[in-house]
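# Structural description and commentary
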Amino acid sequence: MTADQIKRMTERVARVRMEMERACRTAGRARGDVLLCAASKTQDTETVRVAAALDIDLFGENRVQELCEKYASGAYGAKPLHFIGHLQTNKVRQVVGCADMIESIGSRRLLECVAAEAQKQGLRQDVLIEINIGAEASKSGIAPEELPALLECAHAFPSLQVRGLMAIPPAAAPGASRPFFAQLRTLFEQARAAQDGNVCMEYLSMGMSADFADAILEGANLVRVGTALFGARNSPAQPSGQ
Ligand SMILES: *Cc1c(COP(=O)(O)O)cnc(C)c1O
């Protein structure tokens, strides 16, 4: 990266932080209450390495191969790494143990598969449950009404720690995500009231470049931001795409 590119990225990070702080103030929440996840899909190793030295809390990757390559190169530095994309069961082995958290557990089958792999590797894997909050056929995630049963199922797996919920609302006009965020918040509070054992509802991961301020106003404490930090991506990549 050129000095100018680094300067621009540094400015974008500062701008996102300012907007996050403003939203926290409006919501009457503490500044440090919300974690900034840099969604680094399609960003090369060097860009990630530079970003790791900036004011972001953690990285999020969508594709297993990209995650493995950047992880092996040490680009993430000391920053935690979350997997946030669609995870095929045949790639679970590569992600468990690498990712500090898998945010995109969107089916019972995937939950069981991650639990089995974590047990095999002798570790405890942190996960979030992905909710298909807009009931979209194109998106992964469980339906909101399926959550209690899935959390019940998670109790059988001591190799898992369920730490919250994640969702990607339907792409729509500015402001249109807010009702979805509010719905997810309600679901999160309900699950928290019933939490037990290895289910502990700490993280509510919602909000991307276009709507992270709205998400914070509705209670997000983990926002996943790509474009607003790195600029437009070269190759088109769907959120949660593979
Ligand atoms: C790409 C991606 C983001 C960030 O999207 P931007 O609009 O670039 O901020 C967030 N979450 C997931 C799951 C993604 O795939």
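Presented here is a report on the structure given in the accompanying data block. (Residues numbered from 1 in each chain as written. Predicted model: local features only at pLDDT ≥ 70, side-chain atom pairs only at ≥ 80, totals over all residues. Heavy atoms only, no water.)

### Brief notes about the packing of aromatic side chains
For any pair of aromatic rings, the description rests on two quantities: the centre-to-centre distance and the angle between the ring planes. Per the counting criterion, the structure on display carries one aromatic pair. Aromatic side chains Phe59 and Tyr76 sit 5.2 Å apart centroid to centroid with 55° between the ring planes, which places their arrangement in the tilted category. Note that Phe59 is positioned in strand β2 (residues 58-61) and Tyr76 in the loop between α3 (64-73) and β3 (81-83), a separation of 17 residues in sequence. The burial state of Phe59 is the same as that of Tyr76; both residues are buried. (Phe/Tyr/Trp six-rings, centres within 6.5 Å; stacked < 30°, edge-to-face > 60°. Helix = DSSP H or I, 4+ residues; strand = E, 2+ residues; numbered from the N terminus. Buried < 20%, exposed > 50% of the residue type's maximum accessible area, 1.4 Å probe, protein only.)

### Section: helix α6 (residues 147-154)
For α6, the set of buried residues is Leu147, Leu150, Leu151, Cys153 and Ala154. Burial along α6 is one-sided: seen end-on, the buried residues are contained in an arc of 155°. Along α6, exposed side chains directed more than 90 degrees from the buried face belong to Pro148 and Glu152. (Arc of directions from axis to C-beta.)

### Quick look at the nonpolar core
Of all hydrophobic cores here, the largest spans 66 residues; its most connected members are Ile102, Val114, Ile129 and Ile131. The leading source of residues in this core is helix α1 (residues 3-27), at six residues. Those residues in contact with Ile129 that lie beyond four places of it in its chain are Glu103, Ile105, Leu111, Ile142, Leu147, Leu150, Leu151, Val162, Gly164, Leu165 and Met166. Core analysis: the second largest hydrophobic core is formed by ten residues, Ala39, Leu58, Ile168 and Tyr203 among them. (Core = buried A, V, L, I, M, F, W, Y, C linked by side-chain atoms within 4.5 Å. Contact = heavy atoms within 4.5 Å.)

### Brief notes about the pairing of strand β4 (residues 101-105)
A large share of β4 lies buried, amounting to five of its five residues. Taken together, the two bridges between β3 and β4 define a ladder with parallel strand orientation. Residue pairing across strands places His82 opposite Met101, the latter belonging to β4. Where β4 meets strand β5 (residues 125-131), three bridges bridge the pair, whose relative direction is parallel. Bridging from a neighbouring strand, Ile102 pairs with Val127 of β5. (Pairing = 2+ DSSP bridges.)

### Looking at the pattern of salt bridges
According to the stated counting rule, one finds 17 salt bridges in the structure shown. For the salt bridge of Arg17 with Asp55, the shortest nitrogen-to-oxygen distance reads 3.3 Å. Within this pair, whereas Arg17 is found in helix α1, its partner Asp55 is found in the loop between α2 (45-52) and β2, the two being separated by 38 residues in sequence. For the salt bridge of Asp57 with Arg17, the shortest nitrogen-to-oxygen distance reads 2.9 Å. Highlighted residues: Asp57 in the loop between α2 and β2 and Arg17 in helix α1, separated in sequence by 40 residues. Overall, the relative accessible area of 25% leaves Asp57 in the partly exposed class. Each member of the salt-bridge network shares a partner with another, and the members are Glu61, Arg63, Glu66 and Lys70. (Salt bridge = Lys/Arg side-chain N within 4 Å of Asp/Glu carboxyl O.)

### A short note on the side chain of Glu66
Note that Glu66 resides in helix α3. Among the polar contacts made by the side chain of Glu66, one reaches the side chain of Arg63 at a distance of 3.0 Å. Those residues in contact with Glu66, other than ones at most four positions away along the chain, are Ser40, Lys41, Thr42, Gln43, Glu61 and Tyr76. (Polar contact = N/O pair within 3.5 Å; in protein donor to acceptor, adjacent residues only side chain to side chain.)

### A word on the site of the ligand
Among the 14 residues in the neighbourhood of the ligand, the closest are listed as Lys41, Asn62, Ser209, Gly226 and Thr227. About the coverage of the ligand: the protein hides 94% of its 390 Å² of free accessible area. For the shell around the ligand, the residue count by class is six nonpolar, five polar and three charged. (Near = heavy atom within 4 Å. Areas by Shrake-Rupley, 256 points an atom, 1.4 Å probe, with all protein chains shown as cover. Nonpolar A, V, L, I, M, F, W, Y, C, P; charged D, E, K, R; others polar.)

### Observations regarding unusual backbone geometry
The backbone of Thr42 shows a phi angle near 70°, a positive value even though the residue is not glycine. Phi is positive for Ala135, close to 50°, though the residue is something other than glycine. Note that Ala135 resides in the loop between β5 and α6.

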